[in-house]
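# Summary of structural features
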Amino acid sequence: IANATGCSSIYGGNLPTTPWSIDKNGRGPAWANSLFEDNAEFGLGMRLALDHQAVLALRVINSLRDKLPETLVDEIIANHENTTEAGVIAQQARVKEVKELLTALGPDLRAKDLLQVVDTLVRRTVWIIGGDGWAYDIGYGGLDHVIATGADVNILVLDTEVYSNTGGQASKSTPLGSTAKFATAGKGTFKKDLGLLAMSYQNVYVAQISLGANDTHTLRVLQEAESFRGPSIIMAYSPCVAHGIDLSRNVDQSKLAVASGHWLLYRYMPAADRRSMGVLKLDSKAP
């Protein structure tokens with residue numbers, strides 16, 4: 001997880017409590033915080049590093065066929081990009097077995113090299129998380145570049161439609177006419193359509209979600225983005241104290257935003273053939 005500096009990083013990196021958890025085996029997300037302006041590039045760097053290490057691991061494990069069970073090597077190579085839950089669990093077990101065998105090989109330099117990178121043969125997904133101030137404004141150039149690379153990264157934009165971390169200013173995500181604490185004259189331009197801009201590439205999974213309005217839709221979108229091999233971007237409606245609301249009513253605000261037609265729930269799935277149009281599905285009801 002690459003997390004842009006802002007509200008989400010403050011709560012994401014909080015101690016002694018944290019929103020990130022681990023399973024019974026001690027496995028969980030690896031979280032790091034980046035500067036506000038370069039979080040997309042920071043996340044892309046994670047993806048490139050993991051891919052490079054996986055290529056190295058594949059090369060070295062192939063060279064160790066004379067020291068490792070050939071069937072095990074073949075299964076690891078065949079499943080190193082499997083992202084299904086069952087596939088990942090099975091691959092973790094294979095990698096654990098290989099680690100034990102490599103440790104037994106002793107001074108073999110190839111074994112030592114493989115031990116350093118073998119974990120990357122269990123497919124990792126990369127999530128790039130930040131607010132609208134980052135995604136629509138300060139970091140948009142980098143975000144657009146990362147999407148354009150076609151890299152397999154997932155971008156989650158926590159869209160409050162206002163600069164929140166600085167106390168309340170208008171951002172390019174702020175709707176027409178809206179006011180904020182430090183922008184009281186009212187927004188004079190329409191909200192930037194980040195989803196439409198991403199769809200224009202035709203190879204990006206794009207969606208808008210609102211957890212409080214439809215949790216099932218939110219879960220479906222996150223699963224589809226995770227399984228899509230390529231860039232994905234999700235805009236998540238995020239009620240904020242800068243809206244002037246009681247934060248205990250977040251769910252109600254999320255529902256009202258969707259019910260009124262202010263916030264649309266949709267999914268755009270690119271076509272497998274780049275010469276064809278993708279499928280855009282509007283999931284929210286008429287206002």
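For the structure, check the block above.
Report follows, based on the coordinates. Numbering of residues starts from 1 in every chain and runs along the sequence as written. Only residues with pLDDT of at least 70 are given local features in this predicted model, and only at 80 or more are side-chain atom pairs given and counted; all residues enter the totals for whole chains, interfaces and linings. For the side-chain quantities, the full set of heavy atoms in the structure was used; hydrogens and water were omitted.

### Quick look at the sheet that holds strand β3 (residues 127-131)
Sheet strands associate in pairs through backbone hydrogen bonding, adopting either a parallel or an antiparallel arrangement. Heads up, the rule is: By the convention used here, strands pair only if DSSP detects at least 2 bridges between them. We count a stretch as a helix when DSSP gives it H or I for four or more residues in a row; a strand needs E for two or more, and each element gets its number in order from the N terminus. Fitting a line to C-alpha atoms yields each axis, with helices limited to the stretch in contact; the angle taken between N-to-C directions then spans 0 to 180 degrees. The contact definition used throughout considers only heavy atoms, calling two residues in contact when any of these lie within 4.5 Å.
Strand order in the open sheet made by the eight strands is β2-β1-β3-β4-β6-β5-β7-β8, with mixed pairing throughout. At either margin of the open sheet sits one strand with a lone partner, and together these are β2 (32-34) and β8 (279-282). Adjacent strand axes in the sheet meet at a mean angle of 15° when their direction is disregarded. Here β3 pairs with strand β4 (residues 154-159) via five bridges, running parallel. Bridge pairing in β4 links Ile128 to Ile155. The strands touched by helix α2 (residues 39-63) are β1 (2-4), β2 and β3; relative to β1, the strand with the most contacts, the crossing angle is about 175°.

### Description of the pairing of strand β6 (residues 232-237)
Heads up, the condition is: Each residue is assigned to one of three classes by its accessible area relative to the maximum for its type, calculated with a 1.4 Å probe on protein chains only: buried under 20%, partly exposed between the two thresholds, exposed over 50%.
When you tally the buried positions in β6, you get six out of six residues, the bulk of the element. Residue alternation in β6 divides its side chains into two sets, Ser232, Ile234 and Ala236 and Ile233, Met235 and Tyr237, and both sets are buried. Bridge count for β4 against β6 is six bridges, and the pairing is parallel. Bridge assignment links Leu156 to a residue of β6, and that residue is Ile234. Here strand β5 (residues 205-209) runs beside β6; their pairing, made up of five bridges, is parallel.

### Observations concerning empty space enclosed by the protein
A water-sized probe, rolled over the atoms, reveals where empty space remains. We count it as follows: In this analysis a 1.4 Å probe is tested at points of a 1 Å grid over the protein atoms alone, and where it fits but cannot get out there is a cavity; an open set with protein on both sides within 12 Å along at least five of seven lines is a pocket; lining residues have an atom within 4 Å of a point. Grid points are joined across faces, edges and corners, and a volume is the space filled by probe spheres set on the points. Amino acids are sorted into nonpolar (Ala, Val, Leu, Ile, Met, Phe, Trp, Tyr, Cys and Pro), charged (Asp, Glu, Lys and Arg) and polar (every other residue, Gly among them).
Scanning the entire structure with this criterion turns up one cavity of 30 Å³ or more. By volume, the largest cavity is sized at about 30 Å³. Together, Tyr140, Leu143, Asp144, Ile147, Leu194, Leu197, Ala198 and Tyr201 line the largest cavity. When contributions to the lining of the largest cavity are tallied by element, the ones reaching two or more residues are α7 (140-149) and α8 (194-199). A total of four residues in the lining of the largest cavity trace back to one element, the largest contributor, which is α7. For the lining of the largest cavity, the per-class residue count stands at seven nonpolar, no polar and one charged.

### As for the pattern of salt bridges
Oppositely charged side chains may form a pair once their charged atoms are brought near each other. Threshold: Salt bridges are defined as contacts in which a side-chain nitrogen from Lys or Arg sits within 4 Å of a carboxyl oxygen from Asp or Glu.
For the structure shown, the criterion picks out 18 salt bridges. The partner of Asp119 in a salt bridge is Lys99, and the shortest N-O contact between them spans 2.9 Å. With Asp119 in the loop between α5 (109-117) and β3 and Lys99 in helix α4 (residues 85-104), this residue pair connects regions lying 20 residues apart in the sequence. On the accessibility criterion, Asp119 (32% relative accessible area) is partly exposed. Of the residues examined, Lys99 reaches a relative accessible area of 28% and is grouped as partly exposed. A single salt-bridge network, built from bridges that share partners, covers Arg47, Asp51, Glu81, Arg123, Asp152 and Arg229.

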